[in-house]
Amino acid sequence: MTTRQTILTAVALAVVASAACSADDILLADFEGKDGGDRKVEAAASGDGSDPARAEVASWNQFRGPNGSGVARACQPPVRLDGSHVAWKTPVPPGLSSPVLAGNRIFLTAVEDRRLLTLAFDTASGKRLWRRKAPRVPLEKAYTTNSPAASTPQADDERLYVYFGSYGLLCYDHEGRRQWAKPIPTPGSLYGMATSPIGHGDTLILVLDNDADLPGSSLSRSKILAVKKSTGETAWETPRPFHRSGWSTPMIWRHGDGKDLVVLGDGRVSGYDPQTGEQKWFATGFSRETIAMPVSGNGRLYASAAMGGVPDEQPDPQPFWDAVMQFDGNGDGKLQRSEMTGHFTFPFRPELPPGHPGYGMPLPANKAKRNGRLDGMFAGIDKDKNGFWTRDEFLASMSLHRGRPMLMAIRPGGKGDVTETHVTWQLRRNIPEIPSPVFYKNRLYLVRNGGILAAVDATNGETLYRERLGAPGHYSASPVVANEHLYLASNRGVVSVVKAGDAFQMVHQRDLGEPVFATPALDASTIYIRTKTNLLALRTRD
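Conventions and cut-offs
Residues numbered from 1 in each chain as written. Predicted model: local features only at pLDDT ≥ 70, side-chain atom pairs only at ≥ 80, totals over all residues. Heavy atoms only, no water. Helix = DSSP H or I, 4+ residues; strand = E, 2+ residues; numbered from the N terminus. Buried < 20%, exposed > 50% of the residue type's maximum accessible area, 1.4 Å probe, protein only. Contact = heavy atoms within 4.5 Å. Areas by Shrake-Rupley, 256 points an atom, 1.4 Å probe, with all protein chains shown as cover. Pairing = 2+ DSSP bridges. Axes fitted to C-alpha atoms, helices over the stretch in contact; angles between N-to-C directions. Expected span 1.5 Å × (residues − 1). Arc of directions from axis to C-beta. Polar contact = N/O pair within 3.5 Å; in protein donor to acceptor, adjacent residues only side chain to side chain. Salt bridge = Lys/Arg side-chain N within 4 Å of Asp/Glu carboxyl O. Core = buried A, V, L, I, M, F, W, Y, C linked by side-chain atoms within 4.5 Å. Phe/Tyr/Trp six-rings, centres within 6.5 Å; stacked < 30°, edge-to-face > 60°. Lys NZ or Arg CZ within 6 Å of the ring centre and 35° of its normal. Patch = residues over 30% accessible without salt bridge, like charges linked within 9 Å, V, L, I, M, F, W, Y side chains within 5 Å. pLDDT = per-residue confidence, 0-100.

Our next topic: the overall build of the protein chain. Helix and strand counts for the protein chain come out as three helices and 35 strands. Residues counted as buried form 62% of the 542 residues belonging to the protein chain. Sequence-distant contacts, at least 24 apart, represent 59% of the contacts inside the protein chain between residues at least 6 apart. Element-wise, carbon and sulfur atoms account for 48% of the exposed surface of the protein chain, whose accessible area totals about 19,700 Å².

Rendered as structure tokens:
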């Protein structure tokens with residue numbers, strides 16, 4: 001099977017969230033040197049970022065906060081998330097975007113009755129302030145575990161910018177008045193769009209990687225689009241013809257040599273000039289399925305990607321065969337074509353039950369097309385054409401050879417292919433499929449499916465610890481750090497609070513009782529958690 005076919009169903013949940021700290025208190029954690037830096041974020045929302053120690057905006061107003069770092073040092077949310085800290089709980093419509101904050105407002109997107117929505121809430125009370133419908137359009141095809149409202153908005157002091165894969169870009173002021181609209185053709189993506197826009201100076205930047213080909217070509221329509229925040233007019237475009245659909249959100253890497261727009265995509269991470277879109281460098285070795293957002297700190301860039309949900313370079317193949325043997329109707333230890341019935345498909349996550357959306361390769365609903373796909377799958381693995389699969393045939397067929405699970409550290413200053421010249425270390429174990437890494441005090445923290453948390457020395461890539469959280473299942477939300485603690489939410493809705501440091505120390509856990517797919521949002525005293533049906537605020541008491 002092809003690498004594209006091994007994209008897992010949960011890939012679209014890469015929409016892991018943002019949050020917000022007060023304009024006076026936020027500290028950016030990805031400043032270079034000195035454990036990520038200790039300088040206060042500049043309050044000007046439209047600053048040009050010419051000083052490496054300045055942030056684009058003051059609040060946690062985009063995907064994963066200031067520059068996507070996931071860290072707010074001066075915020076003081078509660079460490080124990082018990083009922084006494086619940087400030088309010090507000091119902092929200094379905095959607096997978098994460099909240100962003102600007103001033104005293106929380107913004108998110110949703111979809112209800114096949115209409116795309118943007119909503120604003122008051123941070124103090126949770127009261128809904130306004131709700132706006134996007135123009136009516138056919139909704140993009142999104143897989144079961146994705147949503148047409150997946151991309152996280154971006155905000156500044158004046159405006160809110162929203163991207164829907166089904167429509168394009170919309171801009172509102174904070175009162176909900178539309179400022180401009182820019183329809184964009186929906187990129188080809190089997191599982192739906194998930195990338196989020198980011199701000200840079202006076203421009204909004206959006207990665208539009210695409211499975212569709214250019215007219216009359218075998219190259220992709222993928223591109224990076226930068227628009228003027230004030231009008232939505234195109235500022236620049238850069239083609240990415242060798243990339244196919246991806247789900248990672250870009251970031252700005254500030255370093256001693258300047259600034260790079262960093263985009264993690266199909267097989268490689270690339271650096272561009274954020275003012276012009278000109279490509280500067282790239283590094284290869286990543287898998288086809290790139291979801292996590294890169295982070296920076298201590299003079300380095302860190303980018304990660306699993307391999308179709310495989311967190312380690314040498315996965316155990318036996319569970320995959322065991323999953324196939326659930327369909328061995330006659331018990332002979334082999335698989336015939338006639339036994340490929342019911343929910344049978346090629347397993348991607350053998351720990352899940354057959355029929356679960358994330359279990360295996362998606363197959364057509366149409367019976368004839370489904371049987372045709374199964375016929376091809378069976379013939380491709382039955383190499384000796386004797387009418388059944390053996391264990392050896394099946395394991396030999398597993399597509400685990402293009403790209404590898406990878407966490408890569410890159411130093412700045414390179415040109416062209418920097419894979420051999422500027423990559424300082426690589427790690428190929430404990431790599432999350434969806435959650436992004438977080439850099440804090442010269443450590444990288446990674447949480448992956450199964451509820452396994454790893455801490456890595458950012459200087460050399462050595463693993464400091466690898467521990468189970470006691471909250472199993474899948475993870476879509478990225479870790480955030482505040483108040484010297486990591487906050488980690490599982491898809492099942494269990495939030496774990498772990499002390500930051502070289503040794504693992506669990507401090508608190510709370511089961512919220514409903515699923516969580518978005519990263520908790522933060523302001524000076526509050527952690528905001530979007531569950532499947534609610535927006536919840538847990539606040540430090542005075």
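Here we take up the sheet that holds strand β11 (residues 203-208). Pairing is antiparallel across the open sheet formed by four strands, whose spatial order is β10-β11-β12-β13. Edge positions in the sheet fall to β10 (198-200) and β13 (234-239), since each of these pairs with one other strand and no more. Each strand axis lies, on average, 25° off the axis of its neighbour in the sheet, ignoring direction. Where β10 meets β11, three bridges bridge the pair, whose relative direction is antiparallel. What sits directly across from I198, in β11, is I205.

Before going further, it helps to examine unusual backbone geometry. Phi at D113 is positive, roughly 55°, even though this residue is not glycine. Taking the relative accessible area as the measure of exposure, D113 reaches 70% and is therefore exposed. Although it is not a glycine, K441 adopts a positive phi angle of roughly 50°. With respect to the helices and strands, the residue K441 is situated in the loop between β25 (438-440) and β26 (443-448).

Counted at 1.5 Å a residue, the expected span for helix α2 (residues 367-381) with its 15 residues is 21 Å, and the 21 Å between its end C-alpha atoms agrees. Looking at α2, one finds that the buried residues are L374, M377, F378 and I381. Buried residues of α2 fall within an arc of 95° about the axis and therefore sit on the same side. Residues of α2 that are exposed and point over 90 degrees away from its buried face: A368 and K369. Two or three places before A368, at the opening of α2, N366 has a side-chain oxygen 3.1 Å from that residue's backbone nitrogen.

Now for the sheet that holds strand β18 (residues 295-297). Pairing is antiparallel in the open sheet, where four strands are placed in the order β18-β19-β22-β24. Every interior strand has two partners, whereas the edge strands, β18 and β24 (423-427), have only one. Adjacent strand axes in the sheet meet at a mean angle of 20° when their direction is disregarded. In this sheet, strand β19 (residues 300-305) lies alongside β18 in antiparallel orientation, the contact comprising three bridges. Of the residues in β19, the one forming a bridge with G297 is R300.

We now examine the pattern of salt bridges. Where charged atoms from two side chains of opposite charge approach closely, those side chains can pair. Counted according to the given criterion, the structure contains 14 salt bridges. Salt-bridge contacts for R159 lead to E158; the nearest nitrogen and oxygen are separated by 3.5 Å. Note on R159: relative accessible area 18%, which makes it buried. Since its relative accessible area comes to 51%, E158 is described here as exposed.

Looking now at the nonpolar core. Buried together is how nonpolar side chains tend to be arranged in soluble globular proteins. Core analysis: the largest hydrophobic core is formed by 21 residues, its most contacted members being M340, F344, M377, W389 and F394. Breaking this core down by element, the ones donating at least two residues are α1 (318-324), α2 and α3 (391-397). Among all residues touching F394, those that are not within four sequence positions of it are F320, W321, V324, F346, P347, I381 and W389. Grouped together as the second largest cluster of nonpolar side chains are 19 residues, A72, V480, Y487 and V497 included.

Attention shifts here to the environment of R373. In this fold, R373 is placed in helix α2. The partly exposed category is assigned to R373, whose relative accessible area is 34%. Taking C-alpha positions, R373 is 9.7 Å from T345, a pair spaced 28 residues apart along the chain. Look past the residues within four positions of R373 in its chain and what remains in contact with it is P362, L363 and P364.

In this section: the packing of aromatic side chains. The final tally for this structure, using the stated rule, is 14 aromatic pairs. Relative to W180, the ring of Y161 lies with its centre 6.3 Å away and its plane at 40°, an arrangement referred to as tilted. Residue Y161 is found in strand β7 (residues 159-164), and its partner W180 is found in strand β9 (residues 178-183); the two are separated by 19 residues along the sequence. Assessed through its relative accessible area of 0%, Y161 is described here as buried. Under the relative-accessibility criterion, W180 is labelled buried at 7%. Feature note: the residues W321, F327, F344, F346, F378, W389 and F394 constitute an aromatic cluster, connected by ring pairs. Just above the ring of F282 sits the side chain of R268; from NZ or CZ to the centre is 4.0 Å.

Taken together, L214, L219 and F242 make up a surface patch of nonpolar side chains, about 290 Å² in accessible area. Take L219: it is sitting in the loop between β11 and β12 (223-228).

Now for the pairing of strand β31 (residues 494-499). Most of β31 is tucked away: five of the six residues are buried. As judged from the five bridges shared by strand β30 (residues 485-489) and β31, these two strands associate in the antiparallel manner. Bridge pairing in β31 links L486 to V498. Counting the residues in the hairpin turn of β30 and β31 gives four residues, including G493, whose phi is positive at 100°. As judged from the five bridges shared by β31 and strand β32 (residues 506-511), these two strands associate in the antiparallel manner. Within β32, the residue paired with S496 across the bridge is Q509. Taking the residues that link successive antiparallel strands as the turn, the β31-β32 hairpin has six residues, and the phi of G501 there is positive, at about 155°.

Residues at a pLDDT of 70 or more form 87% of the protein chain, whose mean pLDDT is 86. In this model residues 1-58 is a low-confidence stretch, pLDDT under 50, and it forms 220 contacts with partners more than four residues away in sequence or in other chains.

Alignment of β11 against β12, held across six bridges, turns out to be antiparallel. Among the inter-strand pairings, L204 is bridged to a residue of β12, identified as V227. Across five bridges, β12 lies against β13 in antiparallel orientation. Across the sheet, A226 pairs through a bridge with W236, a residue of β13.

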